[in-house]
Each structure stands twice: as structure tokens, then as C-alpha cells.
Amino acid sequence: MGKIIWLASYPKSGNTWMRAFLHNLMRDPPEGYDINRMGEFSLSDSTAFWYRAALAGKSPETWTPEDIAGARNPAQQIMTQATTDNVFVKTHNAMVSYLGKPLICPEWTAGAIYIVRNPLDVVISLADHYGQTIEETLKNMADPGNVTIPNQDIVYEVHSSWSLNVQSWTTQPAPWVHIVRYEDMLNNPRKVFAKVAGFLGLKPSTARLDRAIQRSSFDSLRKQESEKGFRETSPKATRFFRVGKAGQWRDVLSDAQVEAVVAGHKEQMQRFGYWPL
């Protein structure tokens, strides 16, 4: 049993891309790792399975928000038992407490990779993913109390606002958190992913690193989704891997929408080079 290495981000910020890279790097399959088998390699902290074990004896239909909050610690302990080594776990939760309980439990945490993306582009991808208007998504991204709706398969996630999510993971420098910008993943993948490997204590050969980068590229992932579908695609979206570019906001958002994003998130945008525009 090891501990959790969190793959953390606000939704639609490159988390799945990072997971795909790590799968291809560590497994080094003869061809691109099947995107529909990523759950065999990395877990999701919102999967209800972990909470069923932690809340044994209680029917999921009766779970309250307080039940889930209290079960996060034992659920994360159970996640650490999935392998004999450290385990990768995807999360979109802010690193805060909710209902008096931490969403990310330090005693089960070994480290984290946090991916940040320009909120001007996030709002476009997120609106498509959830089948919302840009205005609805702008409101959710600015809401510090933004919590997702659970169902029989997943428990609620506390996304909070984009700014608070980013701030919670990145404001206090910590050696156990490695921060990556989505835009740098696009512009200089070899440099970025080599640093990710180094953070994890890995020293892949240049050839192995390049294979992992190529097999997890946007074109490769989109090709897989086109051929066999992707189980993580929202039923409200036509595809998960939509554009995979930076700066699309310039052609999509109105001046008023851009102003709304900047007004709500200027401080964190400035920290990561997204403002001034």
C-alpha cells in the first residue's frame, strides 16, 4: 500500500491529457494506451464505489452530503489499497474543507500534479461539456460554492470557483505539488512532460518519453475517441476531445464575456500569465 498522487485541476483543464501521458509513459504499450481503460491505471475520487465501502451498511440512496464529507477520509484510505505502490487519483475538487472535512486528506497524500488552464478557454470547453450557455458557465466558474450534483455512480465534487480552485492548490508553494500550465503542455511538451517524469522520480529514455508524448497527443486521443468513443464524454457533448488549442476565446467570446472572466479571476490569471491579455 502506498499513498495518493493527485492529478488535480479545474474541469476541462488538461487532466485527461495528463492521465493519458502518464499511462503511456509508465505502461509503454506497443500502441496508444486505450483511453477507455484509463480507469485501470488511475482512479477518480468521485467514483461512488469507494464510498460504498466506506459507508457500508448505508444505501447510496440515503447518503447525505454530510455522509460523503465524513466518508472521504476512509474512502481515500481505501484508494491507497488499490495497488502496492502509490496510486494516481484524478480530482477536480478544490483543496479546501467542506462541511468541516478536508476534501484532500493529507495523511493519504504523497504528492500532486496540478494543471492550470486559461479560464478564457476553460469557459468555452466547459460550456460545451455540460451543454450550457457561456453565461451559465461564467456564473458557475465565479461561484465559490459551486458543487456538482451526485448520482448513483459518482459523489458530489466541490469545484468552487476557478480562482479559488487554482488558489487552493497553488498559492502556498509546496515541494509535493508540481504545477503545470496547459498552454506549456501544448507549446513545449517534451520539456513539460520531462519535468513531470522527473517530479515522479522517473528517468525515461528520450525515445520512451517521445513515444508517450506522441501516443497521448490531442490528435491521437481524438482519433481513438472517433473510432471507439470515450466513456468519459458527457451525454450533453458531441465529443470529449474537442479542439485542444489555446487562445480559442479570441474567436468565440464577446468583449463582455471576456470582461466578465477577467473581472472574476484577474488575480489568478495574472499569476499564471493570462493577464494582461
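All values reported here derive from a predicted model rather than from experimental measurement. (Residues numbered from 1 in each chain as written. Predicted model: local features only at pLDDT ≥ 70, side-chain atom pairs only at ≥ 80, totals over all residues. Heavy atoms only, no water.)

Moving on to the overall build of the protein. Each helix and strand in the protein was counted, giving twelve helices and seven strands. Relative to its length of 277 residues, the protein is compact, with a C-alpha radius of gyration of 18 Å against a globular reference of 19 Å. In terms of overall dimensions, the protein has C-alpha extents of about 50 × 45 × 40 Å along its principal axes. A burial count over the protein gives 50% of its 277 residues as buried. Within the protein, residue pairs in contact and separated by at least 24 positions form 72% of the contacts whose partners lie at least 6 positions apart. Of the accessible surface of the protein, which amounts to about 13100 Å², a share of 51% is contributed by carbon and sulfur atoms. Placing the 31 positive and 28 negative side-chain charges of the protein at their respective mean positions leaves the two points 6 Å apart. (Helix = DSSP H or I, 4+ residues; strand = E, 2+ residues; numbered from the N terminus. Rg over C-alpha atoms; globule rule 2.2 N^0.38 Å. Buried < 20%, exposed > 50% of the residue type's maximum accessible area, 1.4 Å probe, protein only. Contact = heavy atoms within 4.5 Å. Areas by Shrake-Rupley, 256 points an atom, 1.4 Å probe, with all protein chains shown as cover. Lys, Arg positive; Asp, Glu negative; His and termini not counted. Charge placed at Lys NZ, Arg CZ, Asp CG, Glu CD.)

Turning our eyes to something else, we now look at the nonpolar core. With 49 residues, the main nonpolar core has Y51, Y114, W162 and L253 as its most contacted residues. When residues of this core are assigned to their parent elements, the largest contribution, six residues, is made by helix α4 (residues 119-130). With residues near it in sequence (within four places) discarded, Y51 still touches D45, W63, I68, A71, R72, A75, M79 and V155. Counting residues in each nonpolar core, the second largest holds 25 residues, with F21, L22, F41 and L209 among its members. (Core = buried A, V, L, I, M, F, W, Y, C linked by side-chain atoms within 4.5 Å.)

Let us look at the sheet that holds strand β3 (residues 87-91). The sheet built from five strands is open, its strands ordered β2-β3-β1-β6-β7 with parallel pairing. Only two strands of the sheet have a single partner each, and these edge strands are β2 (42-44) and β7 (177-181). Here the average twist between neighbouring strands, direction ignored, is 25°. One ladder, built from five bridges, connects strand β6 (residues 109-116) with β7; its direction is parallel. (Pairing = 2+ DSSP bridges. Axes fitted to C-alpha atoms, helices over the stretch in contact; angles between N-to-C directions.)

Right, let's talk about the environment of V147 for a bit. Residue position: V147 is located in the loop between α5 (134-141) and α6 (162-170). Expressed as a C-alpha distance, the spacing of V147 and A20, which sit 127 residues apart in the sequence, is 26 Å. Setting aside residues no more than four positions away along its own chain, V147 makes contact with Y98, Y156, E157 and V158.

Inspection of the entire model under this criterion finds seven aromatic pairs. Considering the side-chain rings of W17 and Y182, the 5.6 Å spacing of their centres and the 80° angle between planes classify their relative orientation as edge-to-face. Of this pair, W17 sits in helix α1 (residues 15-27) while Y182 sits in helix α7 (residues 182-187); the two residues are 165 residues apart in sequence, bridging distant segments of the chain. Like Y182, W17 is buried. Considering the side-chain rings of W17 and F193, the 5.9 Å spacing of their centres and the 65° angle between planes classify their relative orientation as edge-to-face. Residue W17 is located in helix α1, and its partner F193 is located in helix α8 (residues 189-199); the two are separated by 176 residues in the primary sequence. Exposure class is identical for W17 and F193. Each is buried. A connected cluster of aromatic rings, assembled from ring pairs, spans W17, F21, Y182 and F193. One Lys or Arg, R72, reaches over the ring of Y156 and ends 5.1 Å from the middle of that ring. Over the aromatic face of Y182 sits the side chain of R117, whose NZ or CZ is 4.3 Å from the ring centroid. (Phe/Tyr/Trp six-rings, centres within 6.5 Å; stacked < 30°, edge-to-face > 60°. Lys NZ or Arg CZ within 6 Å of the ring centre and 35° of its normal.)

In the structure shown here, the tally under the stated rule is six salt bridges. Residues K58 and D67 are paired through a salt bridge, measuring 2.9 Å at the closest nitrogen-oxygen approach. When the shortest N-O distance is used, the salt bridge between R190 and D210 registers 2.6 Å. A residue pair is termed long-range when its members are at least 10 positions apart, and R190 in helix α8 and D210 in helix α9 (residues 206-215) qualify at 20 residues. Look at D210 and you get partly exposed, because its relative accessible area is 28%. (Salt bridge = Lys/Arg side-chain N within 4 Å of Asp/Glu carboxyl O.)

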